[in-house]
Amino acid sequence: MHLRTDVATIGTPIVLTDDAGPVAIYPIPYLEPQLTWQQLDADSPSHSAVLQAAGDRVRASARASGYDRTVVLAHAFVKGKFFPVRADSERDISVGGTEMAPVSVFDDISYVALGHLHGFQEPVPGRITYSGTPLA
């Protein structure tokens, strides 16, 4: 088990290898915008900006290391083609009126496994997924 809670570790992958080669897994903890935006050099203290900055670190790391297959695990609220539905048990993470980040913050990532929503949803079917949780 790997647990990543430090913003400074974003961009440092856990690398697993299978028959097809390496898979770089990038855990991203929940990024409280007001607390992390400056550390990430984000454009603003918004959920979208900090996730974009985190995604930029992941992409830069993968390019520099030559990883073709990348997986991001993140606690985030993103909207895609299929608008996510929030359950009553989920905490509002809106900041400055912008609560959802666009799925484009995870462009060029092979697969994104998200947490935050308590029900299974796929903002981008087959590529960006909320697994859901058995208990809220």
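Residues numbered from 1 in each chain as written. Predicted model: local features only at pLDDT ≥ 70, side-chain atom pairs only at ≥ 80, totals over all residues. Heavy atoms only, no water.

A. Structural context of the pattern of salt bridges. Counted according to the given criterion, the structure contains two salt bridges. We note a salt bridge from aspartate 18 to arginine 69, for which the minimum N-O separation is 2.6 Å. Highlighted residues: aspartate 18 in strand E1 (residues 14–18) and arginine 69 in the loop between helix H2 (47–65) and strand E3 (70–75), separated in sequence by 51 residues. Judged by its relative accessible area of 41%, aspartate 18 falls in the partly exposed class. For arginine 69, a relative accessible area of 27% corresponds to the partly exposed category. A salt bridge links arginine 59 to aspartate 56, with the shortest nitrogen-to-oxygen separation between them at 2.7 Å. Taken together, the residues arginine 59 and aspartate 56, both in helix H2 and three residues apart, mark about one turn of the helix. Residue class for arginine 59 comes out buried when judged on its relative accessible area of 10%. A relative accessible area of 38% means that aspartate 56 is categorised as partly exposed. (Salt bridge = Lys/Arg side-chain N within 4 Å of Asp/Glu carboxyl O. Helix = DSSP H or I, 4+ residues; strand = E, 2+ residues; numbered from the N terminus. Buried < 20%, exposed > 50% of the residue type's maximum accessible area, 1.4 Å probe, protein only.)

B. Main features of the confidence of the model for the protein chain. Averaged over every residue, the pLDDT of the protein chain is 84; the share at 70 or more is 82%. Note that residues 86–90 has pLDDT below 50 and, in this model, 11 contacts with residues that lie over four places away or in other chains. Every residue in residues 93–98 is under pLDDT 50, and counting partners more than four places away or in other chains gives 11 contacts. (pLDDT = per-residue confidence, 0-100. Contact = heavy atoms within 4.5 Å.)

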